[in-house]
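# Working through the structure, step by step
Here is how the chains run, residue by residue.
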Amino acid sequence: TITRPESLEKSEAPSPSSVEKDTEGLTFFYQGNIEQAIDSWVSAARLYDKEGSPDGKSVVLIRLSQAYLAAGHYKKSIASLEASLSISKELGNQNRIAAVFGNLGNVYIAVGPPDKAYKYLKKGERLARELGNIGVLADILNNLGNFHASRNNVREATQAYTEAKVIAEKGNNQLLAARSAANAAMVYIRTGRHRMSKPLLDEAFNLTQNLPDSHEKAYGLITIGLSYVDLHKHPADTD
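What you see is a predicted model, and the numbers here were worked out from it, not measured in a lab. (Residues numbered from 1 in each chain as written. Predicted model: local features only at pLDDT ≥ 70, side-chain atom pairs only at ≥ 80, totals over all residues. Heavy atoms only, no water.)

### Section: the overall build of the protein
Secondary structure assignment for the protein yields 13 helices and 0 strands. Listed by position from the N terminus, the elements making up the protein come as α-α-α-α-α-α-α-α-α-α-α-α-α. Evaluated residue by residue, the protein yields a buried proportion of 43% over its 239 residues. Pairs at least 24 residues apart make up 54% of the contacts formed inside the protein by residues separated by at least 6 positions. (Helix = DSSP H or I, 4+ residues; strand = E, 2+ residues; numbered from the N terminus. Buried < 20%, exposed > 50% of the residue type's maximum accessible area, 1.4 Å probe, protein only. Contact = heavy atoms within 4.5 Å.)

### Re helix α3 (residues 34–51)
Given a rise of 1.5 Å per residue, 18 residues ought to cover 26 Å, and the 25 Å separating the end C-alpha atoms of α3 matches this to within 8%. Among all positions in α3, only Ile34, Ala37, Ile38, Ser40, Trp41, Val42, Ala44, Ala45 and Tyr48 are buried. On its buried face, α3 sits against α2 (18–31) and α4 (54–70). A positive phi of about 70° marks Gly52, the residue just after α3. (Expected span 1.5 Å × (residues − 1).)

### Some points on the side chain of Glu125
Position of Glu125 among the secondary structure elements: in helix α7 (residues 114–131). A polar contact is formed between the side chain of Glu125 and the side chain of Lys122, at a distance of 2.8 Å. (Polar contact = N/O pair within 3.5 Å; in protein donor to acceptor, adjacent residues only side chain to side chain.)

### Digging into the packing of aromatic side chains
Applying the stated criterion across every chain, the model contains 4 aromatic pairs. Between Phe29 and Trp41, the aromatic rings sit 5.6 Å apart at their centres with planes inclined by 45°, giving tilted as the arrangement. With Phe29 in helix α2 and Trp41 in helix α3, this residue pair connects regions lying 12 residues apart in the sequence. Relative to Tyr120, the ring of Tyr108 lies with its centre 5.9 Å away and its plane at 10°, an arrangement referred to as stacked. One end of the pair, Tyr108, is in helix α6 (residues 94–111); the other, Tyr120, is in helix α7, with 12 residues separating them in the sequence. With relative accessibility at 13%, the residue Tyr120 sits in the buried group. For Lys119, the ring lying beneath its charged end belongs to Tyr120, and the centroid distance is 4.9 Å. (Phe/Tyr/Trp six-rings, centres within 6.5 Å; stacked < 30°, edge-to-face > 60°. Lys NZ or Arg CZ within 6 Å of the ring centre and 35° of its normal.)

### Describing the nonpolar core
Judged by nonpolar contacts, the single largest core of 32 residues is most densely connected at Leu81, Leu85, Val100, Leu104, Tyr108, Val136 and Leu141. Secondary structure elements with two or more residues in this core: α5 (74–91), α6, α7, α8 (134–150), α9 (154–170) and α10 (174–190). At 8 residues, α6 tops the list of elements feeding residues into this core. If we skip the residues at most four places from it in the chain, Leu104 touches Ile78, Leu81, Leu85 and Tyr120. (Core = buried A, V, L, I, M, F, W, Y, C linked by side-chain atoms within 4.5 Å.)

This is how it looks when you write it as structure tokens:
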């Protein structure tokens, strides 16, 4: 028989790496397990720091901020983004800076003040346009639409959502395209423009149902379904 060496008997499984914890966080977030995603990304940030990988840490801090925002931990979300912004500036990563600006603007939509949200969103938009980063630009434009919708600026909101949808489609980001279309439709419903909302809801539904199953897909379908309920109250306007 082969005897296992004593050293192997006492050895422990290797600790997970920063990348493994980062990936674990993405899986939890994708499933809608927000608190578990937070725990994984906090660990990943510490490991990236320990490994001397500021680039990896700046990315995971943005993800962590989105999880904090989803859980309603606004101050922690802002703190994570400010830490990522500081690292990104040190690295000179302009694309990351644009993404952080957009995310900061999105958090400030929720917590205020509005002028601070708008400032960050516009700074992110300008930088993303200069860089030609359509992925970041589409996301910021959708958030900018959210800002204008929250302020009842109908024309500005629908313009931002429409451009976000077009750019997201160019970048093959079906989830964001569907979200932007649904957001525009909700603005039209709220302002009584029911005929304009129906094609957008149909488009959002078709895009969403073709996505892989996830927490965000489920949330998107529920949002679209509730919008159809609102639209159904006005059959004379929408056939």
